[in-house]
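Okay, here's what each chain looks like letter by letter:
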Amino acid sequence: MNALIIFVLLLALMLTGMPISISLGLTVLTFLFTMTSVPIESVALKIFTGIEKFEIMAIPFFILAGNFLTHGGVARRMINFASSMVGHWHGGLALAGVMACALFAAVSGSSPATVVAIGSIILPAMVKQGYPRGFGAGVITTSGALGILIPPSIVMVMYSVSTNTSVGKLFMAGVIPGMMLAMLLGLTTWFLARKHNYPRMQKASWGERFVTFKKSAWGLLLIVIVMGGIYSGAFTPTEAAAMAAVYAFIIAVFVYKDLKIKQVGKVLLDSAAMSAMLLYIITNAVLFSFLMTSENIPQAMAEWITGKGLGVISFLLVVNVLLLLAGNVMEPSSIVLIMAPILFPVAMKLGIDPVHFGILIVVNMEVGMCHPPVGLNLYVASGITKMGISELTVAVMPWLLTMLGFLVLITYVPQISLWLPNLIYN
């Protein structure tokens, strides 16, 4: 009964158009003040202890690194390198877009940042070459979603904070699924381009490829610094995020010189604003999680599911449907912070690996970012392409179906996610 009251109250507040973070906070406070005898001091204490985790510091640093790279010409150099490698195939520039999104995802940790950085450069070039605007938009909107699957990933850090799962293992688990999804999106792009005979670029010589690689090497080196530093034990994921921010600042301002010193202030302010928004959501989600636990809702849910005889296969199907539905009305950070503490205890009781469960949630978030009405990538792509959301929804459909097929694969073949972390950590 209490669970029903909490969720009805949360839904009612969200339907008023209130931001999710405030809806969460108000739900918790209303319930605690009117229906429990929990002392107010414990609520204040929970707010501070909830966001006191060292891992949370990685979020503002990855956001800052992503913003420096978005403004610092790194994306353009990655696109040139990708074009020289795959541009001569059917739909060459579109394939270069997929490859560039995968590379940029490995340095930014954010999907909208990847769509902005790659899309704002490659979409006008694709239209100029004769590609339909919808095709280009479909490629970039869905490939940009790789930003939260290929490590480092802000959404993975949030899952780690919510469930106390190792960030390092999650990052490692995202590598193979990220590469697989990039290949599947590339295959869909190539198939459509071949079918409609879209333009191809002239084949680049190995000399030209080397030149474009050399120019993009400073940006690509960030992947080595972040991932290499974490897995060699040189620094923690949070320290890696700080290193990434400093390195991104140096290459954007002093190496590539695309970002002027006077623009740095604006980048810092934008990053601070986005970080504050996410940290505010985290704070309220921590309170919500505290309320759930104090009311024994996750435990009761776990007992109910196991009592009904729901096995791993059925439970994972229910989780996917639930997360895809949540993706219709909420953005990824909120979904992870609200749903993970509720679903995680049930998954553990059924013997599902926490790392595999984390990757499953992240892939669901990717799909949610590419379909209406709240798909963040759709809105970002809409701003770049000047296309309507309904028009964009039709445009992304072939890639969205590919992503749904990939979601089924990730859900029921856990070894795709677990092989690499098990190899490294065992």
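Not measured: the values here are computed from a predicted model. (Residues numbered from 1 in each chain as written. Predicted model: local features only at pLDDT ≥ 70, side-chain atom pairs only at ≥ 80, totals over all residues. Heavy atoms only, no water.)

Description of the overall build of the chain
Okay, so step 1: Summing up its helical and strand segments, the chain has 20 helices and zero strands in all.
Okay, so step 2: In summary, the chain has a C-alpha radius of gyration of 22 Å against a globular reference of 22 Å for 426 residues, a match within 12%.
Okay, so step 3: A burial count over the chain gives 55% of its 426 residues as buried.
Okay, so step 4: Sequence-distant contacts, at least 24 apart, represent 79% of the contacts inside the chain between residues at least 6 apart. (Helix = DSSP H or I, 4+ residues; strand = E, 2+ residues; numbered from the N terminus. Rg over C-alpha atoms; globule rule 2.2 N^0.38 Å. Buried < 20%, exposed > 50% of the residue type's maximum accessible area, 1.4 Å probe, protein only. Contact = heavy atoms within 4.5 Å.)

So, the packing of helix α4 (residues 58-71) against helix α9 (residues 154-163)
Okay, so step 1: Two elements in contact, α4 and α9, have axes separated by 10 Å at closest approach and are oriented at 180°. By the angle between their directions, the pair α4 and α9 is classed as roughly antiparallel. Residues Ala58, Ile59, Phe62 and Ile63 of α4 touch α9, and the partners they reach there are Ile154, Val157 and Met158.
Okay, so step 2: Classifying every residue of the contact of α4 with α9 gives seven nonpolar, no polar and no charged. (Axes fitted to C-alpha atoms, helices over the stretch in contact; angles between N-to-C directions. Parallel < 35°, antiparallel > 145°, perpendicular 65-115°, else oblique. Nonpolar A, V, L, I, M, F, W, Y, C, P; charged D, E, K, R; others polar.)

Here's the deal with the side chain of Arg77
Okay, so step 1: Of note, Arg77 is situated in helix α5 (residues 74-86).
Okay, so step 2: For Arg77, a relative accessible area of 15% gives the class buried.
Okay, so step 3: Polar side-chain contacts of Arg77 include one of 2.9 Å to the backbone oxygen of Gly73.
Okay, so step 4: Here the side chain of Arg77 touches Asp258 through a polar contact of 2.7 Å, side chain to side chain.
Okay, so step 5: Setting aside its immediate chain neighbours within four residues, Arg77 contacts Gly72, Thr212, Lys215, Ser216, Tyr256 and Asp258. (Polar contact = N/O pair within 3.5 Å; in protein donor to acceptor, adjacent residues only side chain to side chain.)

Focus: the pattern of salt bridges
A side chain of one charge can pair with a side chain of the opposite charge when the charged atoms of the two come close.
Okay, so step 1: Inspection of the entire model under this criterion finds three salt bridges.
Okay, so step 2: Across the pair Arg76 and Asp258 runs a salt bridge, and its minimum N-O distance is 3.8 Å. Taken together, the residues Arg76 in helix α5 and Asp258 in the loop between α12 (237-255) and α13 (261-294) connect sequence positions 182 residues apart.
Okay, so step 3: Counted as one network, the salt bridges with shared partners bring together Arg76, Arg77 and Asp258. (Salt bridge = Lys/Arg side-chain N within 4 Å of Asp/Glu carboxyl O.)

A short note on the packing of α13 against helix α16 (residues 332-349)
Okay, so step 1: Across the interface, α13 lies against α16 with an axial gap of 9 Å and an inter-helix angle of 20°. Relative to α16, the element α13 is oriented roughly parallel. With respect to the hand of their crossing, α13 and α16 are arranged in right-handed fashion. The residues of α16 that touch α13, namely those facing Leu278, Ile281, Ile282, Ala285, Phe288, Ser289 and Met292, are Ser333, Ser334, Leu337, Ile338, Pro341 and Ile342.
Okay, so step 2: For the contact of α13 with α16, a count of residues per class yields ten nonpolar, three polar and no charged. (Left-handed = near helix turned anticlockwise from the far one by under 90°.)

Focus on the state of the cysteines
Okay, so step 1: Counted according to the given criterion, the structure contains zero disulfides.
Okay, so step 2: Cys370 provides the cysteine sulfur closest to Cys101, a residue in no disulfide bond, and the two sulfurs are 10 Å apart.
Okay, so step 3: Given the relative accessible area of 0%, Cys370 is considered buried. (Disulfide = S-S within 2.5 Å.)

Some words on helix α10 (residues 167-196)
Okay, so step 1: For α10, built from 30 residues, the straight-helix expectation of 44 Å at 1.5 Å per residue is met to within 8% by its first-to-last C-alpha distance of 43 Å.
Okay, so step 2: The sharpest bend along α10 measures roughly 30° and falls at Val175, with the proline Pro177 sitting one to four residues further on.
Okay, so step 3: The backbone nitrogen of Gly168 lies 3.4 Å from a side-chain oxygen of the residue at the head of α10, namely Ser166.
Okay, so step 4: Just downstream of α10 lies Asn197, where phi reads positive at about 55°. (Expected span 1.5 Å × (residues − 1). Bend = angle between axes of the 7 residues up to and from the residue.)

Regarding the nonpolar core
Okay, so step 1: In this structure, Ile118, Phe135, Phe288, Phe315, Leu323 and Phe357 are the most contacted members of the largest nonpolar core, which totals 146 residues.
Okay, so step 2: Ranked by residue count, the leading element in this core is helix α6 (residues 92-108), at 13 residues.
Okay, so step 3: Among all residues touching Phe288, those that are not within four sequence positions of it are Ile6, Phe7, Leu10, Leu24, Thr27, Val28, Ile338 and Ile342. (Core = buried A, V, L, I, M, F, W, Y, C linked by side-chain atoms within 4.5 Å.)

Regarding the environment of Pro414
Okay, so step 1: Take Pro414: it is sitting in the loop between α19 (389-412) and α20 (415-425).
Okay, so step 2: Under the relative-accessibility criterion, Pro414 is labelled partly exposed at 31%.
Okay, so step 3: Residues Pro414 and Val355, spaced 59 residues apart in sequence, show a C-alpha to C-alpha distance of 9.3 Å.

A word on the side chain of Asn67
Okay, so step 1: Mapping Asn67 onto the fold places it in helix α4.
Okay, so step 2: Non-local contacts of Asn67, meaning those with residues more than four positions away in its chain, are made with Val267, Asp270 and Ser271.

Regarding the packing of aromatic side chains
Okay, so step 1: A full pass over the atoms with the stated rule returns eleven aromatic pairs.
Okay, so step 2: Seen from their ring centres, Phe249 and Phe254 are 5.7 Å apart, and the 90° between their planes marks the pair as edge-to-face.
Okay, so step 3: Seen from the ring of Tyr256, Arg77 lies directly overhead, with NZ or CZ sitting 3.8 Å from the centre.
Okay, so step 4: For the cation-ring pair, Arg209 lies above Trp206, with the distance from its terminal atom to the ring centre recorded as 4.4 Å. (Phe/Tyr/Trp six-rings, centres within 6.5 Å; stacked < 30°, edge-to-face > 60°. Lys NZ or Arg CZ within 6 Å of the ring centre and 35° of its normal.)

A closer look at the UniProt feature "domain: TRAP C4-dicarboxylate transport system permease DctM subunit" (unreviewed entry) in the chain
Okay, so step 1: The UniProt entry lists residues 7-416 under the feature "domain: TRAP C4-dicarboxylate transport system permease DctM subunit" (unreviewed entry), expressed in the numbering used here.
Okay, so step 2: Secondary structure over residues 7-416 splits into 79% helix and 0% strand, and the C-alpha atoms at its two ends are 34 Å apart. (UniProt positions renumbered as here; feature names shortened; annotations may be inferred.)

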